[in-house]
Amino acid sequence: MKLFRFFLVGIVFGIVMAKSEAMSWYRIQEMFRFHSFHMFGIIGTAVTLGVLGVALIRKFNVRDYSGRSISFIPKERSMIRYLAGGTIFGLGWALSGACPGPIVVNIGYGCTTMLVVFVFALLGTFLYGIVRNKLPH
Amino acid sequence: MIEFLLQPWPWWFSGGVIALIMFVLLFFGKSFGFSSNLQTICSAAGAGRFASLFNTNWKSQGWNLAFLAGAVTGGWIAHHFLQQEEPVRISEATIAALREYGFSAPLGMQPDELYSWETVLTLRGFLILAVGGLMVGFGARYAGGCTSGHAISGLSDLQWPSLLAVMGFFLGGLVMTHVLFPVLF
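What follows covers the interface of chain A and chain B. Contacts between the two partners involve 106 residues from chain A, matched on the other side by 130 residues from chain B. Between chain A and chain B, a total of about 10200 Å² is buried, with carbon and sulfur atoms accounting for 77% of that surface. If you sort the residues of chain A by the area they bury against chain B, Lys19(A), Tyr26(A) and Tyr109(A) come out on top, with a joint share of 9%. Where chain A touches chain B, the interface holds one salt bridge. Arg58(A) is the salt-bridge partner of Asp157(B), the closest N and O atoms lying 2.5 Å from each other. Of all the elements in the fold, those that place two or more residues in the side of chain A that touches chain B are helix H1 (4–19), helix H2 (25–32), helix H3 (38–59), helix H4 (80–96), helix H5 (100–109) and helix H6 (114–131) of chain A.

Rendered as structure tokens:
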């Protein structure tokens, strides 16, 4: 099945969120208090390797499994939406201790109350869709 | 190897695995970004009747929903089969700081003071998680991505918008932690 490989990659993602403790509210608090290098190390390593890898993909015009060259879609240029949206996201991230990926990892992990966060994250997404045209971007 | 994987994973290994996930998705012709799933689920649930944002061909995002299902399963596997260690071993400084707001030292992955059903079934406890989730969902779509889409994928491609978004993530997180926590807890 075509989708099964993404299911497998998702499993690896769930496991790394758990084994690194990045899914924990405590680790997010520790990060926003600058008490430990742990979370910065995780994100920093991922981004450092990511920058190197993406540069190599561009330089050597690496192709994906189907032979198409891997392309990167530039995000639209703007300022307000990234800063304002990002700040709202950050407020919720520090309060709930979870960003969207870890929210669902927590549910599988057995933190069933995270379902409340998940349902309201869906509602928040819906709400954005409703008011989108009235917001500065 | 197995022994290593059953220990808590160090930051450098965890970060490497996350980068690898991004590259595997690129190789499969996709871009790592988790919060799109929230939009996809809204679309699948018929939200397109209310807002054009959700008038998309959500079935083309099936791969990301499969990734989501895998993420749930991965959390379950880690908890039941990979000797997940608890409690979370955060620094003494964080434990001391959180104690001031009424949080006891960690007993597991998440604090009971926020995530036990006992807490969530109070109005206050419910509202904290509800508002947190609402802001995560709203903010992610407004900013056009979350930690994976901006902090990992976007920064790896050196995109300015993603740097702005990540600055916003931290600004919001710092304000919540250092300004609003003393008011809320």
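The next subject is empty space enclosed by the protein. Take a probe with the size of a water molecule and roll it over the atoms, and the empty space left behind shows itself. For the coordinates displayed, the defined rule picks out two cavities of 30 Å³ or more. Here the largest cavity defines a volume of roughly 210 Å³. Phe13(A), Met17(A), Cys99(A), Ile18(B) and Thr147(B) are the residues nearest the centre of the largest cavity, which is lined by 18 residues in total. Listing elements by their share of the lining of the largest cavity, those giving two or more residues are H1, H3 and H5 of chain A together with helix H9 (147–156) of chain B. Here the lining of the largest cavity is composed, by residue class, of 15 nonpolar, three polar and no charged. Counting contributing residues per domain, the lining of the largest cavity is built from domain 1 (1–83) and domain 2 (116–185) of chain B, each supplying no fewer than three. Here the second largest cavity defines a volume of roughly 40 Å³. Around the second largest cavity, the lining residues are Lys19(A), Glu21(A), Leu6(B), Gln7(B), Pro8(B), Gln83(B), Gln84(B) and Glu85(B). Broken down by class, the residue content of the lining of the second largest cavity amounts to two nonpolar, three polar and three charged.

Two elements in contact, H4(A) and helix H8 (residues 123–143) of chain B, have axes whose closest approach is 7 Å; the angle formed by their N-to-C orientations is 155°. Classified by the angle between their axes, H4(A) and H8(B) sit roughly antiparallel to one another. Between H4(A) and H8(B) lies a crossing whose hand is left-handed.

Below, the discussion takes up the layout of surface pockets. The space that makes up the second largest pocket amounts to roughly 190 Å³. Going through the elements one at a time, H5 of chain A together with helix H6 (112–115) of chain B are the ones with two or more residues in the lining of the second largest pocket.

Here the focus is helix H5 (residues 92–99) of chain B. Residues Thr94(B), Ile95(B), Ala97(B) and Leu98(B) constitute the buried set of H5(B). An end-on view of H5(B) places all buried positions within 165° of arc, on one side of the element. Of the exposed residues in H5(B), those oriented more than 90 degrees away from the buried face are Glu92(B) and Arg99(B). Those residues of H5(B) that are buried lie in contact with H2 of chain A.

It is worth spelling out the domain arrangement of chain B at this point. Residue and element names in this part refer to chain B. One can read the domain layout of chain B as domain 1 (1–83) and domain 2 (116–185). A C-alpha centroid distance of 18 Å is found between domain 1 and domain 2. Counting residues at the interface gives eleven residues for domain 1 and ten residues for domain 2. The junction of domain 1 with domain 2 conceals about 730 Å² of combined surface from both sides, 65% of it contributed by carbon and sulfur atoms. Interface area lost by domain 1 to domain 2 is led by Met22, Phe32 and Ser35, which between them contribute 56%.

Here is what the cut-offs are and how they apply
- Residues numbered from 1 in each chain as written.
- Chains lettered and ligands numbered in written order.
- Predicted model: local features only at pLDDT ≥ 70, side-chain atom pairs only at ≥ 80, totals over all residues.
- Heavy atoms only, no water.
- Contact = heavy atoms within 4.5 Å.
- Buried area = accessible area lost by both parts, 1.4 Å probe.
- Salt bridge = Lys/Arg side-chain N within 4 Å of Asp/Glu carboxyl O.
- Helix = DSSP H or I, 4+ residues; strand = E, 2+ residues; numbered from the N terminus.
- 1 Å grid on protein atoms, 1.4 Å probe; cavity = no way out; pocket = protein on both sides within 12 Å on 5 of 7 lines; lining within 4 Å.
- Points joined across faces, edges and corners; volume = space filled by probe spheres on them.
- Nonpolar A, V, L, I, M, F, W, Y, C, P; charged D, E, K, R; others polar.
- Domains from an automatic or database assignment.
- Axes fitted to C-alpha atoms, helices over the stretch in contact; angles between N-to-C directions.
- Parallel < 35°, antiparallel > 145°, perpendicular 65-115°, else oblique.
- Left-handed = near helix turned anticlockwise from the far one by under 90°.
- Buried < 20%, exposed > 50% of the residue type's maximum accessible area, 1.4 Å probe, protein only.
- Arc of directions from axis to C-beta.

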